[in-house]
Amino acid sequence: MSIRQFLAQNQYIQIGINAEAWEDLIAIAAAPLIKGGFVTAEYPQAVIDNTRKYGAYYVFEEGIAIPHARPECGVIKNGFSLLTLARPVSISDSEPVDIIVMFSGMDSDTHITQGIASIVELLDKAETLAQIRQATTVDEIIRLL
């Protein structure tokens, strides 16, 4: 399932989020996935721990972060959530980001091919990213994806 299909069906999109600490953003991004039964309550902490250990390897120059953890860190089902931020935040000394797409993949293949690949497609579309940043409704974002 593509990110667009998943988000359209589940509407795990949050717009204009304010947070001071990057760790809070990870928890906010994970909240709908936890509630929906896609990841365990331990999953966001695994993402935070990995970030502290390895750095923000999932931050791209375009101001997008794709935080995730390995399947064995609490993934129950494949899923996505998307946040747009009211103002950019640096994740563990990274370049500031204002779009966060968290995903959960049940196995390494899904983790890489379906999860990251479908998100990276967005990185090639500067105009779409600009429109996502300006969107004020969930429906607008779904149409843009």
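Just so it is clear, the model here is predicted, and its values are computed rather than measured.

Peer 1: Which residues make up the overall build of the protein chain, and what are the values?
Peer 2: A count of helical and extended segments in the protein chain gives six helices and five strands. Counted from the first residue to the last, the protein chain has its helices and strands arranged as α-β-α-α-β-β-β-β-α-α-α. Counting all 145 residues of the protein chain, 49% fall into the buried class. Across the protein chain, contacts joining residues at least 24 apart in sequence account for 69% of those joining residues at least 6 apart. Total accessible area on the protein chain stands at roughly 7,000 Å², and carbon and sulfur atoms take up 49% of it.

Peer 1: Account for unusual backbone geometry, naming residues and giving values.
Peer 2: Glycine aside, negative phi is the norm for most residues, and most peptide bonds take the trans geometry. In this structure, S92 takes a positive phi of about 50° despite not being glycine. Structurally, S92 can be placed in the loop between β4 (79-90) and β5 (96-104). The phi torsion at D93 lies on the positive side, around 70°, for a residue other than glycine. On the basis of relative accessible area, D93 is assigned to the exposed category, the value being 80%.

Peer 1: Got a sec to walk through helix α3 (residues 43-54)? Specific residues and values, please.
Peer 2: Under the 1.5 Å per step criterion, the end-to-end length of α3 is 16 Å for 12 residues, consistent within 8% with the ideal 16 Å. Among all positions in α3, only Y43, P44, A46, V47, I48, N50 and T51 are buried. Those residues of α3 that are buried are in contact with α2 (22-35) and β5.

Peer 1: Got a sec to walk through the pattern of salt bridges? Specific residues and values, please.
Peer 2: In this structure the tally under the stated criterion is four salt bridges. Of the charged contacts, one joins E23 and R52 as a salt bridge, the two residues approaching to 3.1 Å between their closest N and O atoms. With E23 in helix α2 and R52 in helix α3, the pair connects residues that are 29 residues apart, well separated along the chain. A salt bridge links E72 to R70; the shortest N-O distance between them is 3.3 Å.

Peer 1: Requested: an account of the environment of A8, with residues and values cited.
Peer 2: Inspection of the secondary structure puts A8 in helix α1 (residues 3-10). On the accessibility criterion, A8 (31% relative accessible area) is partly exposed.

Peer 1: Requested: an account of the nonpolar core, with residues and values cited.
Peer 2: Formed by 47 residues in total, the largest nonpolar core has its most connected members in L7 and Y58. The residues contacting L7, other than those within four sequence positions of it, are Y12, I13, F80, S81, L82, I142 and L145.

Peer 1: An account of helix α5 (residues 126-134) is needed here, citing residue identities and associated values.
Peer 2: Of the positions making up α5, those classed as buried are T128, L129 and I132. Taken around the axis of α5, the buried residues stretch over an arc of 100°, which confines them to a single face. Residues of α5 that are exposed and point more than 90 degrees away from the buried face comprise A126, E127 and Q134.

Reading guide: rules and limits
The residue numbering used here restarts from 1 in each chain and proceeds along that chain's sequence as written. Residues qualify for local features only when their pLDDT is at least 70, as the model is predicted, and side-chain atom pairs are given and counted only at 80 or more; totals for whole chains, interfaces and linings, by contrast, use all residues. To get the side-chain values, all heavy atoms of the structure are used, and hydrogens and water are removed first. Secondary structure elements follow DSSP: runs of H or I no shorter than four residues count as helices, runs of E no shorter than two count as strands, and numbering proceeds from the N terminus. Exposure categories follow from relative accessible area, calculated using a 1.4 Å probe and restricted to protein chains: below 20% of the type maximum is buried, above 50% is exposed, and the middle band is partly exposed. Every residue pair with non-hydrogen atoms within 4.5 Å of one another is taken to be in contact. The protein chains shown are the only cover counted for residues, whose accessible areas, like all others here, come from Shrake-Rupley with a 1.4 Å probe. Working rule for helices: expected span equals 1.5 Å times residues minus one. A carboxyl oxygen of Asp or Glu within 4 Å of a side-chain nitrogen of Lys or Arg is what we treat as a salt bridge. For our purposes a nonpolar core is just a set of buried Ala, Val, Leu, Ile, Met, Phe, Trp, Tyr and Cys residues, chained together by side-chain atoms within 4.5 Å. Comment: arc refers to directions from the helix axis out to C-beta atoms.

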